[in-house]
Amino acid sequence: AQTVTQSQPEMSVQEAETVTLSCTYDTSESNYYLFWYKQPPSRQMILVIRQEAYKQQNATENRFSVNFQKAAKSFSLKISDSQLGDTAMYFCAFGSYGKLTFGQGTILTVHP
Amino acid sequence: SAVISQKPSRDICQRGTSLTIQCQVDSQVTMMFWYRQQPGQSLTLIATANQGSEATYESGFVIDKFPISRPNLTFSTLTVSNMSPEDSSIYLCSVEDGAHRLGATQYFGPGTRLLVL
């Protein structure tokens, strides 16, 4: 079974600054995917970024990028130029053949 | 990505009753998933619903409590039976993008917020 740990229950950042959210996971599988989802106050789960475990290159999606360290089983999310709309709960998730295992979430607040 | 809708968006129910939640997708999908998000908590997978076969339940969830139907490739229902206040949660359905495969990405519906009194 997989476990996903997000050790930062809450984070805050000033608008336009950069913030990094941490995530570690544990698995015995060699092929898998990792995801970051955000859940704003509307409660809609929104995919932020996706990383294939077999790719060494870190995924990037506009202002969002990841630092994937497979050996360390670490998958952090960096948000650059933070915007007020980035305020949300962020979940790290481990995925394999449709099964997602989520971390506990990090509440990110962006201050003006 | 697929457009997913859920009904109802929210409901308040009395203990001992049952509620059926509907999930509709605008395109045909192989797998549909049901999650529970208890207040202030993360998402937990309840079951996976594949059209034409019985749903597969995760540990801690049973069919008698959470019966699921999957009559076609665009629709599924989750029933929360004999509800208690502990069932108060957000229930979300999700679907995979494309074929069921290792790297399938899941997209989520807007959720159903349930309060049991």
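Let me sum up the structure you'll find in this document.

Conventions and cut-offs
Residues numbered from 1 in each chain as written. Chains lettered and ligands numbered in written order. Predicted model: local features only at pLDDT ≥ 70, side-chain atom pairs only at ≥ 80, totals over all residues. Heavy atoms only, no water. Buried < 20%, exposed > 50% of the residue type's maximum accessible area, 1.4 Å probe, protein only. Helix = DSSP H or I, 4+ residues; strand = E, 2+ residues; numbered from the N terminus. Pairing = 2+ DSSP bridges. Axes fitted to C-alpha atoms, helices over the stretch in contact; angles between N-to-C directions. Patch = residues over 30% accessible without salt bridge, like charges linked within 9 Å, V, L, I, M, F, W, Y side chains within 5 Å. Areas by Shrake-Rupley, 256 points an atom, 1.4 Å probe, with all protein chains shown as cover. Salt bridge = Lys/Arg side-chain N within 4 Å of Asp/Glu carboxyl O. Phe/Tyr/Trp six-rings, centres within 6.5 Å; stacked < 30°, edge-to-face > 60°. Disulfide = S-S within 2.5 Å.

**Regarding the pairing of strand β1 (residues 4-7) of chain B**
All names here are of chain B. Burial along β1 is one-sided: the face carrying Ile4 and Gln6 is buried and the face carrying Ser5 and Lys7 is not. In terms of strand pairing, β1 meets strand β3 (residues 19-25) through four bridges, oriented antiparallel. The residue of β3 that forms the bridge with Ser5 is Gln24.

**Overview of the sheet that holds β1(B)**
Residues and elements named next belong to chain B. The four strands lie next to each other as β1-β3-β8-β7, forming an open sheet whose pairing is antiparallel. The sheet terminates laterally at β1 and β7 (68-72), the two strands that pair on one side only. Each strand axis lies, on average, 15 degrees off the axis of its neighbour in the sheet, ignoring direction.

**Examining a nonpolar patch on the surface**
A contiguous nonpolar surface patch, about 280 Å² in accessible area, is contributed by B:Ile12, B:Leu115 and B:Leu117. Considering the arrangement of structural elements, one finds B:Ile12 in strand β2 (residues 10-13).

**Notes on the packing of aromatic side chains**
Taken as a whole and judged by the stated rule, the model has 15 aromatic pairs over all chains. With centroids separated by 6.3 Å and ring planes inclined at 85 degrees, the aromatic side chains of A:Phe68 and A:Phe75 adopt a geometry described as edge-to-face. On the basis of relative accessibility, which here comes to 7%, the residue A:Phe68 falls in the buried class. Judged by its relative accessible area of 0%, A:Phe75 is buried. For the pair B:Phe66 and B:Tyr91, a centre-to-centre distance of 6.5 Å together with 45 degrees between the ring planes defines the contact as tilted. With B:Phe66 in the loop between β6 (56-57) and β7 and B:Tyr91 in strand β9 (residues 89-96), this residue pair connects regions lying 25 residues apart in the sequence. Both residues of the pair, B:Phe66 and B:Tyr91, count as buried. Of the aromatic side chains, those joined through ring pairs into one cluster are A:Phe35, A:Tyr37, A:Phe91, A:Phe102, B:Tyr35 and B:Phe108.

**What about the state of the cysteines?**
Following the criterion strictly, the structure yields two disulfides over all chains and no others. Disulfide partner of A:Cys23: A:Cys92, at an S-S distance of 2.0 Å. On the sign convention where negative means left-handed, the S-S torsion of about -65 degrees between A:Cys23 and A:Cys92 marks this disulfide as left-handed. Of this pair, A:Cys23 sits in the loop between β3 (19-21) and β4 (24-26) while A:Cys92 sits in strand β10 (residues 88-96), placing them 69 residues apart in sequence. Accessibility classification places A:Cys23 together with A:Cys92 in one group, the buried group. The disulfide bridge from B:Cys23 ends at B:Cys93, spanning 1.9 Å between sulfur atoms. The chirality of the disulfide connecting B:Cys23 with B:Cys93 is right-handed, given an S-S dihedral of about 70 degrees. Taken together, the positions of B:Cys23 in strand β3 and B:Cys93 in strand β9 put the pair 70 residues apart, joining distant regions of the chain. Each member of the pair, B:Cys23 as well as B:Cys93, is classed as buried. B:Cys93 supplies the cysteine sulfur nearest to B:Cys13, a cysteine that is in no disulfide, at a spacing of 17 Å.

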